[in-house]
Amino acid sequence: MRSWCPGGGSDKKDCPSGTKGNETGLANCFACEAGKYQDQQGQSMCLGCDLGGYCRESAVVPTRCEAGTFGNRTNRTTQDDCFICPAGSSCALGASENT
């Protein structure tokens, strides 16, 4: 588990979800960068955003691509990274491909 010490003191706290701590005893945790997320506390790294969604900075969970769009790539950062479903096909909320 990675922790940080508010104000540089000795009261350790786990880094919150949406952040990472790559050293023990940090003065601050680091936000997960856009395209990544972390759904657990006290972690040393963030996870790549899944297919069918995108992750903004400090994401705790991926946001699913809107219905009518799909996300067939990982590490996407905004809804604009989701592709519009082609005419004649359908794409449910969080789709990773058109059907």
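You'll find the structure just up there.
Bear in mind the structure is a predicted one, so any value in this text is a computation, not a measurement.

Caption draft 1: Structural detail: the side chain of Gln-79. Considering the arrangement of structural elements, one finds Gln-79 in the loop between strand 9 (69–70) and strand 10 (83–84). For Gln-79, the side chain forms a polar contact with the main-chain nitrogen of Glu-66, separated by 3.1 Å. Beyond its immediate sequence surroundings of up to four residues, Gln-79 is in contact with Tyr-54, Arg-64, Cys-65, Glu-66 and Thr-69.

Caption draft 2: Quick look at the state of the cysteines. Applying the stated rule across the entire model yields five disulfides. Between Cys-15 and Cys-29 runs a disulfide, and the two sulfur atoms are separated by 2.1 Å. The chirality of the disulfide connecting Cys-15 with Cys-29 is left-handed, given an S-S dihedral of about -90°. A residue pair is termed long-range when its members are at least 10 positions apart, and Cys-15 in the loop between strand 2 (13–14) and strand 3 (19–20) and Cys-29 in the loop between strand 3 and strand 4 (30–31) qualify at 14 residues. Residue classification places Cys-29 among the buried residues on the basis of a relative accessible area of 19%. The disulfide bridge from Cys-85 ends at Cys-91, spanning 2.1 Å between sulfur atoms. Where Cys-85 bonds to Cys-91 through sulfur, the torsion about that S-S bond is close to 80°, and the disulfide is right-handed. Like Cys-85, the residue Cys-91 is buried in the burial classification. Disulfide partners in the chain, listed by the sequence order of the bonded cysteines, are 1-2, 3-4, 5-6, 7-8, 9-10.

Conventions we followed
Residues numbered from 1 in each chain as written. Predicted model: local features only at pLDDT ≥ 70, side-chain atom pairs only at ≥ 80, totals over all residues. Heavy atoms only, no water. Helix = DSSP H or I, 4+ residues; strand = E, 2+ residues; numbered from the N terminus. Polar contact = N/O pair within 3.5 Å; in protein donor to acceptor, adjacent residues only side chain to side chain. Contact = heavy atoms within 4.5 Å. Disulfide = S-S within 2.5 Å. Buried < 20%, exposed > 50% of the residue type's maximum accessible area, 1.4 Å probe, protein only.

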